Structure formats: structure tokens, C-alpha cells
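Examining the three-dimensional arrangement
Chain residues, written in single-letter form:
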Amino acid sequence: QVQLVESGGGLVQAGGSLRLSCAASGRTLSSYTMGWFRQAPGKEREFVAGISQSGGRTYYADSVKGRFTISRDNAKNTVYLQMNSLKPEDTAVYYCAAVAPQHYIPIIAGEYDYWGQGTQVSVSS
């Protein structure tokens, strides 16, 4: 079993940047495909980005493509989400999630087995 802890959230102005981190403990992160999701008030949790076990494959939601970058450092047991050109509509609680390696990157929250507690990202206009 793996435990996930997100950090790096905060308040930023539109156009600004943040980098979220997801640190794992309990098991090595290299055993999992990883994803970032977000949930705004009154909305369902939605897929943001995912990365394969080795980091060789990534996948992004259309709403963040070209602005967000997911990466991983398996030696540091950490996954990152670099968020640039932030918009007010990016405001949400951001969660990292882990699942045993798949032949694809899952985009449905229910397919992931382990979740962090979330970190708040707020973007002001």
C-alpha cells in the first residue's frame, strides 16, 4: 500500500504558475501509474493529467494541455504537476492518485486505488 501527500498549492493571480508535488511513502512510486485530478466546489472530480510508470507516456485533459506538465522522479518517490498560465477556472482542490500499471493511462477517478488528501489551488482574476 502507498500513502500520498500533496503540497505546493496556494493563491496565485491569473497568468501565474505553481508546482504541485505528490510525495509517496510505504511503497516505491515506480510501482504505479500516477494521475492528477481536481475538484471544484459543486463539481465532480475531473482528470487533469497522468503519467506512466516509467514516465515515458503522459496524457492531459484538453483544458490544461499546453499549460500543465506532469513529471515524476522515481528516485525521489515524487510526482509533480507544473501549472503555468493559470486561469480562475483552474481553481480547485488538486489530488494525486496511484494505480497499478496499466497499458493505458486511466482518466476515470474510480480506476485509481490510492489518493492523497488534496491541496487547494486558488487563482484570482
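A brief report on the enclosed structure follows. (Residues numbered from 1 in each chain as written. Predicted model: local features only at pLDDT ≥ 70, side-chain atom pairs only at ≥ 80, totals over all residues. Heavy atoms only, no water.)

1. Structural notes on the sheet that holds strand β3 (residues 18–25)
Overall, antiparallel pairing links the 4 strands, which are arranged β1-β3-β8-β7 in an open sheet. Each of the sheet's edge strands pairs with one partner strand only, and the pair in question is β1 (3–7) and β7 (68–73). The sheet shows a mean angle of 15° between the axes of neighbouring strands, direction not considered. Bridge count between β7 and strand β8 (residues 78–83): 6 bridges; the pairing is antiparallel. (Pairing = 2+ DSSP bridges. Helix = DSSP H or I, 4+ residues; strand = E, 2+ residues; numbered from the N terminus. Axes fitted to C-alpha atoms, helices over the stretch in contact; angles between N-to-C directions.)

2. Points about unusual backbone geometry
In the Ramachandran plot, Asn 77 falls in the positive-phi region, its phi being about 55° despite a non-glycine side chain. Following the sequence through the fold, Asn 77 ends up in the loop between β7 and β8. Classification of Asn 77 as buried rests on a relative accessible area of 18%. For Ser 85, which is not glycine, the phi dihedral falls at a positive 50°. Tracing the chain through its elements places Ser 85 in the loop between β8 and β9 (92–99). The partly exposed category is assigned to Ser 85, whose relative accessible area is 42%. (Buried < 20%, exposed > 50% of the residue type's maximum accessible area, 1.4 Å probe, protein only.)

3. A word on the side chain of Ser 52
Position of Ser 52 among the secondary structure elements: in the loop between β5 (46–51) and β6 (58–60). With residues up to four places along the chain from it excluded, the contact list for Ser 52 reads Thr 33, Arg 57, Arg 72 and Ile 105. (Contact = heavy atoms within 4.5 Å.)

4. What about a nonpolar patch on the surface?
A grouping of Tyr 59, Ile 107 and Ile 108 is seen on the molecular surface, where their side chains present a nonpolar patch of about 290 Å² in accessible area. Position of Ile 107 among the secondary structure elements: in the loop between β9 and β10 (114–115). (Patch = residues over 30% accessible without salt bridge, like charges linked within 9 Å, V, L, I, M, F, W, Y side chains within 5 Å. Areas by Shrake-Rupley, 256 points an atom, 1.4 Å probe, with all protein chains shown as cover. Salt bridge = Lys/Arg side-chain N within 4 Å of Asp/Glu carboxyl O.)

5. Concerning the nonpolar core
Ranked by size, the top nonpolar core spans 36 residues in total, and within it Leu 4, Met 34, Trp 36, Leu 81, Met 83 and Tyr 94 carry the most contacts. Secondary structure elements with two or more residues in this core: β3, β4 (33–39), β5, β7, β8, β9 and β11 (119–124). The greatest single-element share of this core, amounting to 6 residues, is contributed by β9. Setting aside its immediate chain neighbours within four residues, Tyr 94 contacts Glu 6, Leu 20, Trp 36, Phe 37, Arg 38, Val 48, Phe 68, Leu 81, Met 83, Gly 118, Thr 119 and Val 121. (Core = buried A, V, L, I, M, F, W, Y, C linked by side-chain atoms within 4.5 Å.)

6. Some details on the state of the cysteines
According to the stated counting rule, one finds 1 disulfide in the structure shown. Between Cys 22 and Cys 96 runs a disulfide, and the two sulfur atoms are separated by 2.0 Å. Disulfide Cys 22-Cys 96: the torsion about the S-S bond is 55°, which places it as right-handed. Of this pair, Cys 22 sits in strand β3 while Cys 96 sits in strand β9; the two residues are 74 residues apart in sequence, bridging distant segments of the chain. (Disulfide = S-S within 2.5 Å.)

Interpretation in functional terms is not warranted from these geometric data alone.
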